[in-house]
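# Coordinate inspection notes
So the chains spell out like this:
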Amino acid sequence: MKKKILSALVMGAILSPAVLAGAPNTDLNLMPYPHSVELSEGRVNIDHNFNIYLKGFSSERVDFTAKRLLKRLERQTGVPMLSPTAESEADAVLVIDIKQPAKTEVQSIDADESYTLTAKDGKIVLTSERPYGAIRGIETLLQLVATDSKGNFVPEVSIEDEPRFPWRGVSYDTSRHFIEVDVIKRQLDAMASAKLNIFHWHIWDDQAIRIQLDSYPKLWQKTADGDYYSKDEIRDVVEYARNLGIRVIPEISLPGHASAVAHAYPELMSGGEGQAYPHQREWGVFVPLMDPTNPELYTFLGKVFDEVVALFPDEYFHIGGDEPNYAQWTDSEEIQQFIADKKLDGNRGLQSYLNTQVEKMLDERGKKVMGWDEIWHKDLPKSVVIQSWRGHDSIGRAAKEGYQGILSTGYYLDQPQPTSYHYRNDPMPTGITVDDKLHAGEKFAAYEWSKPRTKGGPRSGLITIIEGTDGEFRAFTDYNGKSREEVYILEYVPGKVFRGHFDNFMSYTEFNLAFEGDELAQESYQLIGNVRWPTTGKLIAGTALEGSEIPAPDGGYPAELTKDEQSLILGGEITVWAENLDSMTVENRIWPRSYAIAERFWSSESLTDEDSMYKRMKAVDTWSEISMGLQHHFNADIMYKRIANGADAQPLIILARYTEPAQYYARNWEKWIQTPNHGDLYNQHERLNRFVDALPVESYAVYDMEANVKLVANGDKQALATLKTHYETVLAAAKASAPIFANNIASVDTVIVAEKTVEVANIALQLIALHEVNRQPTEEEHKAFSQQLSDAAKIYDEAIVAIVKPTEMLLNLGR
């Protein structure tokens, strides 16, 4: 019997091949990490004598930047800076030397953001060619500030830095749930600290249009429930972002996601005479679609564009374009005749026709168009930028056609996901990474599989495993029509068990398959993030099936770009959809994960050490609260206290460290199915006050537990004691949390989370007791424990009892 189990060390090398290629050192808690860092032994003191001298170019924005630095230094150190302005360069502790003004009054995509920073012999010098480099360098300087028993200081260091990608954005949805201006500004502060430079403002969608427009006032008066951004507020946000070196790009969605427009001005839709539409409160993709054959639509768009362009000076304008429901076009004889008369390529050709008209209108107003994947069409001008939510397949193939693109797949922060998943996701397509061809003397097995979804149809695909003539295995999957991808093997016993993982468009995805003859056994499942989905399937091709061949990839191969095509990939954009987020919970989704993604956009592609990333992200997480006043942890604590309802919230806070929200879109689907009439609570009325709404997206405590289980496997008795402390801590917290949950209408459904945590912790403590006397569980004990853990691994009140995983690892040690 041949068996392959990869060690954690080998796994890491496979996941991060750049580690072997000499990645930059990461000795300092900086994020994103600079491209070149040379650390010396000395230090430059930061005390009440700290002062700044502005050399070279200066402006109101440069003055703002210097004042902002001083305020945050005072927050970080608690030391008042009483004489912050130096009379000369020689007298200054910090010299900010900007060589030239910005090339253009309005920040552009080719803005120079490079800088150098040196700290030596009691002086810090920050030099940049343009103001944007100084803005970026100041954030690095603030992250360098440290404290010890002797005082506050910056280590002696020499840094040279510039961004890898020019487009490093965040798309914030403020349409589904209104986000107040002060919260937006706080996110802009944090974005600047992560060297992110684009705020993509999603202010227009099915549920609400949140921008004041004088030409069509019903857009916001009838859809926003009084929660909209006035023109003065928008100007204020745009100017605030400009001072931080952040561009602001509006999104006006067309032709779909138009339910709010339909409610306010139904005559612009494609539903025909007498059409009327309710104020949409639900989440999803809806029927109303703008009518490109109606001249009034272009009058409407022209007036809207005029008002929006006046508020947003950036050169880019986002037109949405995603998820069009073509039913109204298909059902309209007039629209289908228009398509035929114009010789258009069906409904997609009609959307491209609309986009082409819109592109001309916006070009006349000095704007470049960008939109989501669905706007791509053979007739679309090459000047349009494609923003991809469909993944590397889409952005790569668009680049092959000559279109610029930015990647958002894998950066959806409204989804709870492990930060490591986002960190491994590079904007640049890389092509296939596995040899999927069968060579002489090799064997293979290809299994067809299917897994259900709570909302929508099942996903299906193939997984193929090849055994080389040297006895080594390689594997790949064709996943639900996506391009062929390598699967990294964790464990494989032919005919018995297969475990392997890869990152796909959903999340970290792990196959856990058991075989019964040619069928997948009942216990087979896929782990999507932290949620287990039962998986069925059978062998459809293989060496054992005479005459069969490896199936061709139904989704083709991932794009591999030439140098010229790579230059069309502008970067990436974090995406934060707000169906299940509000002002209280949104920061907890965005931070601190955005720092890791920002590093992927800014830093060297060879910087892939996930242990280093987590270490530095934790440090920067605390720094962000102190330096800028981010409120993600503060808001979570308020929510725990609200649930505690006057009782001590500490047990909830401790339990939260060992509990995770169900990842990917599992929470959305749970909301969909939680009522007999599915979807009743999948809307704006759904409450966001559950325990799960306050949870961090991943449990660092559980990561520590998993690491300790691996140490126990190597005979480390101290690691076993550490594990015991973890389990005793969470056991006590869960026991104390159960009655607290039961005493609040917002958390009565969460009692089972505490109960299942108690159950799992007790199993773990029994296993630890066995390890302490060097005894393995009997087969009966192992089977009983496995069944209990499998049940505890289910979703409970949208949450996952995260300690199941290290407990299963502990159970299976030595087997």
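Every value quoted in this text rests on a predicted model; they were computed, and no experiment measured them.

### Some points on the overall build of the protein chain
In terms of helices and strands, the protein chain carries 26 helices and 28 strands. Here the protein chain has a C-alpha radius of gyration of 28 Å; the compact-globule value for 815 residues is 28 Å, and the two agree. C-alpha extents for the protein chain along the principal axes are approximately 80 × 75 × 65 Å. Counting across all 815 residues of the protein chain, residues that qualify as buried make up 60%. Restricting the contact set of the protein chain to residue pairs at least 6 apart, pairs at least 24 apart contribute 72%. Counting 83 positive and 120 negative side-chain charges, the protein chain places the centres of these two groups 1 Å from one another.

### Some thoughts on the packing of aromatic side chains
For the coordinates displayed, the defined rule picks out 36 aromatic pairs. Here the aromatic rings of Trp-220 and Tyr-228 are separated by 4.4 Å at their centres, their planes lie at 45°, and the arrangement is tilted. On the basis of relative accessible area, Trp-220 is assigned to the buried category, the value being 11%. With relative accessibility at 26%, the residue Tyr-228 sits in the partly exposed group. Ring centres of Trp-672 and Tyr-682 lie 5.8 Å apart, and the angle between their planes is 90°; this geometry places the pair in the edge-to-face category. With Trp-672 in helix H20 (residues 666–673) and Tyr-682 in the loop between H20 and helix H21 (691–694), this residue pair connects regions lying ten residues apart in the sequence. Assessed through its relative accessible area of 9%, Tyr-682 is described here as buried. By way of ring pairs, the aromatic residues Tyr-172, Phe-178, Phe-199, Trp-201, Tyr-229 and Phe-312 are connected into one cluster. A cation over an aromatic ring shows up here: Arg-247 above the ring of Trp-167, its NZ or CZ 5.0 Å from the ring centre. Here Lys-482 stacks its cationic end above the ring of Phe-505, 5.0 Å away from the centre of that ring.

### Quick word on the environment of Tyr-216
Here Tyr-216 is to be found in the loop between strand S10 (198–202) and helix H5 (218–221). The spatial distance from the C-alpha of Tyr-216 to the C-alpha of Val-304 is 7.7 Å, given a sequence separation of 88 residues. Not counting the four nearest positions on each side in its chain, Tyr-216 is found in contact with Tyr-265, Thr-299, Phe-300, Lys-303 and Val-304.

### Some points on the pairing of strand S8 (residues 151–161)
Of all the eleven residues making up S8, eight are buried; the element is thus mostly covered by neighbouring parts of the structure. Across seven bridges, strand S2 (residues 36–45) lies against S8 in antiparallel orientation. Paired with Asn-45 across the two strands is Phe-153, which belongs to S8. One ladder, built from three bridges, connects strand S7 (residues 146–148) with S8; its direction is antiparallel. Bridging from a neighbouring strand, Thr-147 pairs with Asn-152 of S8. Once S7 ends, the chain turns through two residues before running back antiparallel as S8.

### Topic: the confidence of the model for the protein chain
Overall, the predicted model of the protein chain reaches an average pLDDT of 94, with 97% of residues at or above 70. Contacts for the low-pLDDT stretch residues 1–23, under 50 throughout, to residues beyond four places or in other chains number 39 contacts.

### Here we look at unusual backbone geometry
The omega torsion across Met-31 and Pro-32 is 0°, close enough to zero to call that bond cis. Turning to its location among the elements, Pro-32 is positioned in the loop between helix H1 (8–15) and S2. With an omega dihedral of 5°, the bond running from Trp-591 to Pro-592 counts as a cis peptide bond. With respect to the helices and strands, Pro-592 occurs in the loop between helix H15 (586–590) and helix H16 (593–602). Even without a glycine there, the phi angle at Glu-323 is positive, about 50°. If you trace the backbone, Glu-323 turns up in the loop between strand S12 (316–318) and helix H9 (327–331). The class for Glu-323 is partly exposed, based on a relative accessible area of 30%.

### Quick word on the side chain of Arg-168
With respect to the helices and strands, the residue Arg-168 is situated in strand S9 (residues 167–173). Judged by its relative accessible area of 0%, Arg-168 is buried. At a separation of 2.9 Å, a polar atom in the side chain of Arg-168 contacts the main-chain carbonyl oxygen of Phe-165. Not counting chain neighbours up to four residues away, the residues in contact with Arg-168 comprise Glu-113, Arg-136, Pro-163, Lys-195, Leu-196, Asn-197, Ile-198, Gly-572, Phe-601 and Trp-602.

### Here we look at the packing of helix H4 (residues 181–193) against helix H6 (residues 231–243)
Packing of H4 against H6 brings their axes to within 10 Å, and their N-to-C directions diverge by 15°. The pairing of H4 with H6 is recorded here as roughly parallel in orientation. Judged by the twist between their axes, the crossing of H4 over H6 is right-handed. Residues Val-181, Ile-184, Lys-185, Leu-188 and Asp-189 of H4 form the contact with H6, whose own contacting residues are Glu-233, Asp-236, Val-237, Tyr-240 and Ala-241. The class makeup of the residues in the contact of H4 with H6 is six nonpolar, no polar and four charged.

### Focus on the environment of Ser-548
The topology assignment puts Ser-548 in the loop between strand S25 (536–542) and helix H14 (563–566). Along the chain, Ser-548 and Ala-446 lie 102 residues apart, while their C-alpha atoms are 9.7 Å from each other. Excluding its chain neighbours within four sequence positions, the residues that come into contact with Ser-548 are Phe-444, Ala-541 and Gly-542. A polar side-chain atom of Ser-548 sits 2.8 Å from the main-chain carbonyl oxygen of Gly-542.

### Some words on the nonpolar core
Counting residues in each nonpolar core, the largest one holds 133 residues, and the members touching the most others are Phe-199, Trp-201, Leu-219, Phe-300, Phe-312 and Trp-591. Of all the elements, helix H8 (residues 295–311) adds the most residues to this core, at nine residues. Sequence-distant contacts of Trp-591, that is, excluding residues within four places in its chain, are made with Tyr-172, Gln-187, Ala-190, Met-191, Ala-194, Leu-196, Leu-630 and His-632. Core analysis: the next-biggest nonpolar cluster, separate from the first, contains 57 residues, Leu-655, Tyr-658, Met-705 and Ala-764 among them.

### Observations concerning the pattern of salt bridges
Scanning the model with the defined rule gives 49 salt bridges in all. Notably, a salt bridge pairs Arg-176 with Glu-579, separated by 3.8 Å at the nearest N-O pair. In this pair, Arg-176 sits in the loop between S9 and H4 while Glu-579 sits in the loop between strand S26 (569–576) and H15, placing the two residues 403 residues apart along the sequence. Just as Arg-176 is buried, Glu-579 falls in that class too.

### Topic: helix H2 (residues 60–77)
In this model, H2 (18 residues) spans 26 Å end to end at C-alpha, consistent with the 26 Å of a helix rising 1.5 Å per residue. Among the residues of H2, Arg-61, Val-62, Thr-65, Ala-66, Arg-68, Leu-69, Leu-70, Arg-72, Leu-73, Gln-76 and Thr-77 are the ones counted as buried. Gly-78 occupies a position one or two residues after H2 and carries a positive phi of about 75°.

### Some words on helix H17 (residues 610–628)
Under the 1.5 Å per step criterion, the end-to-end length of H17 is 25 Å for 19 residues, consistent within 8% with the ideal 27 Å. Those residues of H17 not exposed but buried are Glu-610, Ser-612, Met-613, Tyr-614, Arg-616, Met-617, Val-620, Asp-621, Trp-623, Ser-624, Ser-627 and Met-628. Structurally, the start of H17 carries an N-cap: the backbone nitrogen of Asp-611 is 3.0 Å from a side-chain oxygen of Asp-609. Just downstream of H17, Gly-629 is the residue with a positive phi angle, here 80°.

Definitions and cut-offs
- Residues numbered from 1 in each chain as written.
- Predicted model: local features only at pLDDT ≥ 70, side-chain atom pairs only at ≥ 80, totals over all residues.
- Heavy atoms only, no water.
- Helix = DSSP H or I, 4+ residues; strand = E, 2+ residues; numbered from the N terminus.
- Rg over C-alpha atoms; globule rule 2.2 N^0.38 Å.
- Buried < 20%, exposed > 50% of the residue type's maximum accessible area, 1.4 Å probe, protein only.
- Contact = heavy atoms within 4.5 Å.
- Lys, Arg positive; Asp, Glu negative; His and termini not counted.
- Charge placed at Lys NZ, Arg CZ, Asp CG, Glu CD.
- Phe/Tyr/Trp six-rings, centres within 6.5 Å; stacked < 30°, edge-to-face > 60°.
- Lys NZ or Arg CZ within 6 Å of the ring centre and 35° of its normal.
- Pairing = 2+ DSSP bridges.
- pLDDT = per-residue confidence, 0-100.
- Polar contact = N/O pair within 3.5 Å; in protein donor to acceptor, adjacent residues only side chain to side chain.
- Axes fitted to C-alpha atoms, helices over the stretch in contact; angles between N-to-C directions.
- Parallel < 35°, antiparallel > 145°, perpendicular 65-115°, else oblique.
- Left-handed = near helix turned anticlockwise from the far one by under 90°.
- Nonpolar A, V, L, I, M, F, W, Y, C, P; charged D, E, K, R; others polar.
- Core = buried A, V, L, I, M, F, W, Y, C linked by side-chain atoms within 4.5 Å.
- Salt bridge = Lys/Arg side-chain N within 4 Å of Asp/Glu carboxyl O.
- Expected span 1.5 Å × (residues − 1).

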